[in-house]
Amino acid sequence: MAVILGFPVHVYAANGTPTRATPLDIDSTTQPTDQLNSEGWKWEPSGDGTSGTLTLRDCYIQTELPQNSNVLHFGSGLTNVTIHLEGDNTLEATNQTGSIYLISTDATITFTGNDDAYLHLVTSEENNNTYLYGIYADGISFQSGNIECNAQLAFVDHRVEISGGSVTADASRIGGSDVIYSNLGPVVFSGGVVDLTGQHAGVYISGIGASDFNMLKVAITGGNVSIRATGEASSYAAAVIARYIDVNTKNNVVLYGTAAPFGIYDPGDPVGSLTIAEIGPESSITWAEDSAYGLYYKYNNTVIDIAPADYAAVNTAKANADAIDRSLYTEPSLKAVDEAVAKIDSNKTILEQDEVDAMADTINEALNNLEYLPANYSAVDAARTSADNLDRTLYTDNSLAALDKALDGVHEGLDITHQDEVDAMAAAINEALDNLEYLPADYSAVDAARTSADKIDRTLYTADSLAVLDKALSEVREGLDISHQGEVDAMAAAINEAINNLEKISDVQTSTDEESSDIQTDSSEENEADALPATSDDTVSVVSGLVAGIAGALCIVSSRRFQRD
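Residues numbered from 1 in each chain as written. Predicted model: local features only at pLDDT ≥ 70, side-chain atom pairs only at ≥ 80, totals over all residues. Heavy atoms only, no water.

Draft legend 1. Just the overall build of the protein, in detail. The number of helices and strands found in the protein is eleven helices and 29 strands. The buried share of the protein, taken over its 565 residues, is 44%. Of the roughly 28600 Å² of accessible surface on the protein, 48% is carried by carbon and sulfur atoms. (Helix = DSSP H or I, 4+ residues; strand = E, 2+ residues; numbered from the N terminus. Buried < 20%, exposed > 50% of the residue type's maximum accessible area, 1.4 Å probe, protein only. Areas by Shrake-Rupley, 256 points an atom, 1.4 Å probe, with all protein chains shown as cover.)

Draft legend 2. The arrangement of the confidence of the model for the protein in detail. Summary statistics for the protein give a mean pLDDT of 88 and a share of 87% for residues scoring 70 or more. Below pLDDT 50 for its whole length, residues 1-13 participates in 27 contacts with residues either more than four positions away or in separate chains. Taken as a whole, residues 523-565 scores under 50 in pLDDT and shows 19 contacts with residues more than four places along the chain or in a different chain. (pLDDT = per-residue confidence, 0-100. Contact = heavy atoms within 4.5 Å.)

Draft legend 3. A look at the packing of helix α4 (residues 378-388) against helix α6 (residues 419-434). With their axes 8 Å apart at the nearest point, α4 and α6 run at an angle of 20 degrees to one another. It follows that α4 is roughly parallel to α6 by the angle criterion. For the pair α4 and α6, the sense of crossing is left-handed. Side by side, α4 and α6 meet where A379, V380, A383, R384, S386 and A387 of the first sit next to V422, M425, A426, I429, N430 and L433 of the second. Of the residues in the contact of α4 with α6, the class split is nine nonpolar, two polar and one charged. (Axes fitted to C-alpha atoms, helices over the stretch in contact; angles between N-to-C directions. Parallel < 35°, antiparallel > 145°, perpendicular 65-115°, else oblique. Left-handed = near helix turned anticlockwise from the far one by under 90°. Nonpolar A, V, L, I, M, F, W, Y, C, P; charged D, E, K, R; others polar.)

Draft legend 4. Spatial organisation of the sheet that holds strand β28 (residues 296-297). Taken in spatial order, the ten strands line up as β1-β6-β9-β12-β15-β18-β20-β22-β25-β28 in an open sheet, and their pairing is parallel. The open sheet has two edge strands with one neighbour each: β1 (24-26) and β28. (Pairing = 2+ DSSP bridges.)

Draft legend 5. Expanded view of the nonpolar core. Membership of the largest hydrophobic core comes to 83 residues, with the highest contact counts inside it found for I103, L153, F189 and F262. Broken down by element, this core gets its largest block of residues, five residues, from strand β22 (residues 238-242). Excluding residues that lie within four positions of it along the chain, F189 makes contacts with I162, I180, V194, L196, V203, V218, A219, I220, T221, G222, V225 and I227. One finds V446, I456, M491 and L502 within the second-largest nonpolar core, a separate group that totals 20 residues. (Core = buried A, V, L, I, M, F, W, Y, C linked by side-chain atoms within 4.5 Å.)

Draft legend 6. How the structure looks around helix α5 (residues 397-408). If you check α5, its first and last C-alpha atoms are 16 Å apart, about what twelve residues at 1.5 Å a residue would give, namely 16 Å. Contacts made by the buried residues of α5 are with α4 and α6. (Expected span 1.5 Å × (residues − 1).)

Draft legend 7. Quick peek at a negative patch on the surface. Among the surface-exposed residues, D310, D354, D357, D361 and E365 lie close enough to one another that they form a single negatively charged patch. Tracing the chain through its elements places E365 in helix α3 (residues 353-368). (Patch = residues over 30% accessible without salt bridge, like charges linked within 9 Å, V, L, I, M, F, W, Y side chains within 5 Å. Salt bridge = Lys/Arg side-chain N within 4 Å of Asp/Glu carboxyl O. Lys, Arg positive; Asp, Glu negative; His and termini not counted. Charge placed at Lys NZ, Arg CZ, Asp CG, Glu CD.)

Draft legend 8. Molecular detail of the pattern of salt bridges. Under the counting rule described, the total for this entry stands at 18 salt bridges. Between R159 and E161 there is a salt bridge whose closest N-O contact spans 3.1 Å. Classification of R159 as partly exposed rests on a relative accessible area of 37%. Salt-bridge contacts for K348 lead to E355; the nearest nitrogen and oxygen are separated by 2.9 Å. Judged by its relative accessible area of 16%, K348 is buried. Among the charged side chains, a salt-bridge network with shared partners connects D345, K348, E352 and E355.

Draft legend 9. Broad picture of helix α7 (residues 444-454). Among the residues making up α7, those that are buried are V446, A449, R450 and A453. All buried residues of α7 lie within an arc of 95 degrees about the axis, which places them on one face of the element. In this structure, the buried side of α7 is in contact with α8 (463-474) and α9 (485-500). (Arc of directions from axis to C-beta.)

Draft legend 10. Representation of the pairing of strand β15 (residues 152-156). Among the five residues in β15, five count as buried, and that is most of the element. Pairing of strand β12 (residues 132-137) with β15, which is carried by four bridges, proceeds in the parallel orientation. Of the residues in β15, the one forming a bridge with A137 is V156. Taken together, the three bridges between β15 and strand β18 (residues 178-182) define a ladder with parallel strand orientation. Within the sheet, the bridge partner assigned to V156 lies in β18 and is S182.

Draft legend 11. Representation of the packing of aromatic side chains in the model. The full count for this structure, using the stated rule, is 13 aromatic pairs. An angle of 5 degrees between the planes, with centres 5.2 Å apart, marks the rings of F111 and F142 as stacked. Here F111, found in strand β10 (residues 108-113), pairs with F142, found in strand β13 (residues 139-142); they are 31 residues apart in sequence, far enough to count as distant. The burial state of F111 is the same as that of F142; both residues are buried. Taking 4.8 Å as the distance between ring centres and 25 degrees as the angle between the ring planes, the aromatic pair formed by Y395 and Y438 counts as stacked. Pair noted here: Y395 is in the loop between α4 and α5 and Y438 is in the loop between α6 and α7, with a separation of 43 residues, a long-range link. Residue classification places Y395 among the buried positions, given a relative accessible area of 11%. With a relative accessible area of 35%, Y438 lands in the partly exposed category. (Phe/Tyr/Trp six-rings, centres within 6.5 Å; stacked < 30°, edge-to-face > 60°.)

Draft legend 12. Quick peek at the packing of helix α1 (residues 312-323) against α3. Their axes nearest at 8 Å, the elements α1 and α3 cross at an angle of 25 degrees. Compared by their axis directions, α1 and α3 come out roughly parallel. The two elements α1 and α3 meet at a crossing, and its hand is left-handed. Along its contact with α1, which presents A313, V314, A317, K318, N320 and A321, the element α3 presents V356, M359, A360, I363, N364 and L367. Grouping the constituent residues of the contact of α1 with α3 by class yields nine nonpolar, two polar and one charged.

Draft legend 13. Spatial organisation of the side chain of T30. Examined against the element boundaries, T30 turns out to sit in the loop between β1 and β2 (33-35). Among the residues examined, T30 registers a relative accessible area of 19% and is labelled buried. There is a polar contact of 3.0 Å between the side chain of T30 and the backbone nitrogen of D27. If we ignore the near neighbours within four places in the chain, the residues touching T30 are D25, W43 and P45. (Polar contact = N/O pair within 3.5 Å; in protein donor to acceptor, adjacent residues only side chain to side chain.)

Here is the structure:
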């Protein structure tokens, strides 16, 4: 519901200089008459005289009329009249009081005209007579051309139809005014542009003397229709008042009544009805804020049939809400979606379509504002911790640079939709950690020890002590990295230890000679009878020299065999 304020005020003014100052009367006896060049009108009767066409071309008839008289009158014998408009035309009564019908006939009138052709039906703004009408006729059909009226537009016994052109009438200055009043109806809006403003009603079908109740209908099936009743709510001001009201159009409609947009009466059988099957999306059907009725006032038996609102957008929004992966979003943002869905009211009518559309908008807004959970950086954090705990002195610059690049490639603050990227960051760091290359072990001590071993005069040392040294040299493992530095240092220590423990042959020989001398002395004392033949000192010297030479040769061969690769 809304309150319409500031209705448009239509100003109706005659244009140009009057072409005629007296009323124009035409009946079945009027002969073909062409006054287009002088007064701006031409009458063309049919063959039997019961119908004809009046062409108005820049015609301006202005006159002050007697009470209950007309500016344009179609008299006896005529049943169907066409008024065709060309240019800008005006029918004006200057009377400041009194009842007036600017156009009057017992026939049915059809209006046609060019798109830029107008007919202004003008009465004095000072005249507020209840019976001040632009047209009185049996029935009216507005097919084309443009009609403007500053009084009540039409008082008819039967049908009024607006199918094209434009019809504008403002009778809001006239107390109790009905812009279109029909005794027996119907009134049909099927096309064109319509803008009607009255006090009591925009359209009123009274049903006085009706025998065919089905004709007491106002139907809006097309066109751009605006109808307003701005009188007091206590006077039952309504945009449309009839026994049957049927609104079924894809176009936009604007209907306003101070009391209600619709007034339905059914003082007996059959009962009246209000049916609203379809209206355009920008339609406005409203009433005054202090109205006691709301959408309509009616008799108790009136049938109200208003189509349900279109929930397509709501259903789509709800389906989208149901389809989300709730594991991806924060609880507060999910709560907003749930609350929006919970507020869906499935019982709204097309008159409340804006509320239904708002439901869809609220859900969609909540969906658009869903906040993703943050991505899980635990694997990244663990990888970074491992990187932070590294002893960087152990690794090559290139492999450390690759690790630092992986660490620098971490993008903080990504949400869960980027979890794959975050996992890839962790994998990159771990891969760089796995590919770290140790620096080579320091073999300088080994090299120094081997150099010392190479400088040894192996002829001076015993075979057994040289064998220990050669074993230490042979057990050196080349190409170890810094993580095996202890092993490399142990290799150097083993070589140095073997060098330190080398035994000189001279020391060993002296000890052996002493032991041999002792043994020989003891033997000669105990076995004098069995003593061996004596040997000269020269013989001993020759034997000793021979042994020493053989040992020296063996040491040289051993030393060359175990030299470092």
